[in-house]
Amino acid sequence: MSRLRRAITVLVIGSPLALGSYHLAAKTEYKSSDSGFAAYKKEVQQGYVSYRDEVQKEAREFAALHEQVSAGYENRIADVWASPEQSSQTRWVLYEDEYKRKRVVDFEKGVIQWSTPEHYVDSGFDLSGAKAMLAELMSLTRRQAFEQDEVASEIESRSRARFDHLETAELDNKPVLPAFLFGESTVTQSRVDGVMQAMLASAEKSKVSQKGQTIVVWTFPMAIDEGAVEPPVVAVPEPEPTAKPKAKPAPMPEPKVAPAPVVGTGEVWKTKSIEADRFDRLPARARPFVSSINRENVKFDLSAELLLAIMETESAFNPMAKSPIPAFGLMQIVPASAGQDATEKLFGKPRLLAPSYLYNPENNIQVGAAYFNILYYRYFRGIENPLSRLYCSIAAYNTGPGNVSKALTGNSMALRPATRIANTMSPSEVHSHLMSNLPYEETVNYLRKVTSRLAKYEEALSSE
């Protein structure tokens, strides 16, 4: 079904606007067969489509604005750095001293890096200066982090003045890093000082060359309370769970073959609520989001393991994550695509989500859960086996349902033929087919990582 037809169907069957039209019909003694009612229903439908078109137009303009502002910011950085870097999904990048010094919190690798081009090194770029730098980072709140993000704050300001369908939010004053390190926002200063001392004691100084420019780098391993679940380490390729192939005299190019599915068949939603006695089984970085995860599981009929696996894969639990698409926050919501579908479900009509809205972790998790609910229970509802449907929905969260359909059919992005094909396969066959036929290597890796982490969290949260 096309997005336009789907929007009209939602309007007529389930939206408050549509219900309002039926109530009005009752009051004015319209009947469904009356030409007046048909004309009024058409008018309401056209009004909805017009509204949706306006929001989509704003979303396209928002994406173009983000690209423009990001390019200007990168140009300013490039005046100092041969390889300018902006924040990404797993690397939170902040500059200081007119871009001469760079602070990077790498949420995936668990390190903080403080660097500067060699010719800007001065007496303050030492362990004493690093102590002050770390202290400032540890105290930086979500609101302050947002205000210091030149791209996000400028886009926010210009969007508020320019767009009529914008949803914004206030960010709180909870520090970003203590929540990641300790699993809680309220941490005593003595604990923070202890972590900083450990970082300084383990610091390493090095030099690297970037496009002919010598960069001096201080690296500080973050002392992370890892809990029972291993921290994410995905900088190196994950090993295939199958046995290594035997060497052949003239090997053929190895096709993309999926590993055996790691999620058990049958029930796909295991943990609805993470109880307090299970907190210590989670890495510290995941614990601040448990209450939101529990709430959205109930609301959207998902599971804790799923949301945890998606968050780890999308952002390594970096609440300030962003990508050039643009996408924002823990579950990497794209305002122009997933945000449109999710807000229609949440608010009854699509809205444009501002950076401030998506950097709010509670909002971000709600939007991400709503979108996955749409993928699993609407787009792929015709797939009978719940595990097959889960694999398709996970892949679609990364690449969109059309590309998943194309991977199944070979040429069509329509959902119905893809559904029919999926229903002729076992879950293992669906998984293998997707791994071999998804159009982007990124999505292949995404499906592998999420399913692997889903199994990891299922084991960690099991009652045994």
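The coordinates are above.
First, a word on what this report is: a plain description of the structure on this page. This structure is a prediction, so every number in the text was calculated from the model and none was measured.

To continue, consider the overall build of the chain. Secondary structure assignment for the chain yields 18 helices and nine strands. Considering only intrachain contacts with a sequence separation of at least 6, the fraction spanning at least 24 residues in the chain is 66%. Accessible surface, the chain as shown: approximately 21,400 Å² in total, 51% of it carbon and sulfur.

On to helix α4 (residues 127-139), then. Over its 13 residues, α4 runs 18 Å from end to end, which matches the ideal 18 Å to within 8%, given 1.5 Å per residue. Among the residues of α4, Gly129, Ala130, Met133, Leu134, Leu137 and Met138 are the ones counted as buried. Buried residues along α4 sit against β1 (91-96), β2 (101-106), β3 (111-117), α7 (176-182), α8 (189-201) and β6 (213-221). Where α4 begins, one side-chain oxygen reaches toward the backbone nitrogen of Ser128, 3.2 Å away; that side chain belongs to Asp126.

Attention shifts here to the packing of helix α14 (residues 386-399) against helix α17 (residues 427-437). Relative to each other, α14 and α17 sit at 15 degrees, their axes nearing to 8 Å. Between α14 and α17, the crossing angle belongs to the class labelled roughly parallel. Handedness of the crossing formed by α14 with α17: right-handed. Residues Leu387, Ser388, Tyr391 and Cys392 of α14 form the contact with α17, whose participating residues are Pro427, Val430, His431 and Leu434.

Before going further, it helps to spend a moment on the nonpolar core. Ranked by size, the top nonpolar core spans 120 residues in total, and within it Trp92, Ile112, Phe220, Phe372, Leu390 and Leu434 carry the most contacts. Of all the elements, helix α13 (residues 361-379) adds the most residues to this core, at 10 residues.

Let us now look at the side chain of Arg101. One can find Arg101 in strand β2. If we skip the residues at most four places from it in the chain, Arg101 touches Trp81, Leu94, Tyr95, Glu96, Trp114, Ser115, Thr116, Asp122, Gly124 and Phe125.

Moving on to the packing of aromatic side chains. Scanning all chains against the criterion turns up 16 aromatic pairs. With centroids separated by 6.1 Å and ring planes inclined at 70 degrees, the aromatic side chains of Trp81 and Tyr95 adopt a geometry described as edge-to-face. Note that Trp81 is positioned in the loop between α3 (35-78) and β1 and Tyr95 in strand β1, a separation of 14 residues in sequence. We note that Trp81, like Tyr95, is buried.

Note on backbone geometry: most residues besides glycine have negative phi, and most peptide bonds are trans. Going from Ile325 to Pro326, the amide bond is cis rather than trans, its omega being 10 degrees. Note on placement: Pro326 falls in the loop between β7 (322-323) and β8 (327-328). The phi dihedral of Gln332 falls on the positive side, at around 50 degrees, and the residue is not glycine. Within the fold, Gln332 resides in the loop between β8 and α11 (338-347). What makes Gln332 buried here is its relative accessible area of 8%.

Right, let's get into the packing of α13 against α14. Contact geometry for α13 and α14: axes closest at 9 Å, N-to-C directions at 130 degrees. As summarised for this structure, α13 and α14 are arranged oblique, according to the angle between their axes. Considering the relative orientation of α13 and α14, their crossing is right-handed. Every residue of α14 that contacts α13 at Gly368, Tyr371, Phe372, Leu375, Tyr376 and Tyr377 is listed here: Pro386, Arg389, Leu390, Ser393, Ile394, Ala396 and Tyr397.

What counts, and at which threshold
Residues numbered from 1 in each chain as written. Predicted model: local features only at pLDDT ≥ 70, side-chain atom pairs only at ≥ 80, totals over all residues. Heavy atoms only, no water. Helix = DSSP H or I, 4+ residues; strand = E, 2+ residues; numbered from the N terminus. Contact = heavy atoms within 4.5 Å. Areas by Shrake-Rupley, 256 points an atom, 1.4 Å probe, with all protein chains shown as cover. Expected span 1.5 Å × (residues − 1). Buried < 20%, exposed > 50% of the residue type's maximum accessible area, 1.4 Å probe, protein only. Polar contact = N/O pair within 3.5 Å; in protein donor to acceptor, adjacent residues only side chain to side chain. Axes fitted to C-alpha atoms, helices over the stretch in contact; angles between N-to-C directions. Parallel < 35°, antiparallel > 145°, perpendicular 65-115°, else oblique. Left-handed = near helix turned anticlockwise from the far one by under 90°. Core = buried A, V, L, I, M, F, W, Y, C linked by side-chain atoms within 4.5 Å. Phe/Tyr/Trp six-rings, centres within 6.5 Å; stacked < 30°, edge-to-face > 60°.

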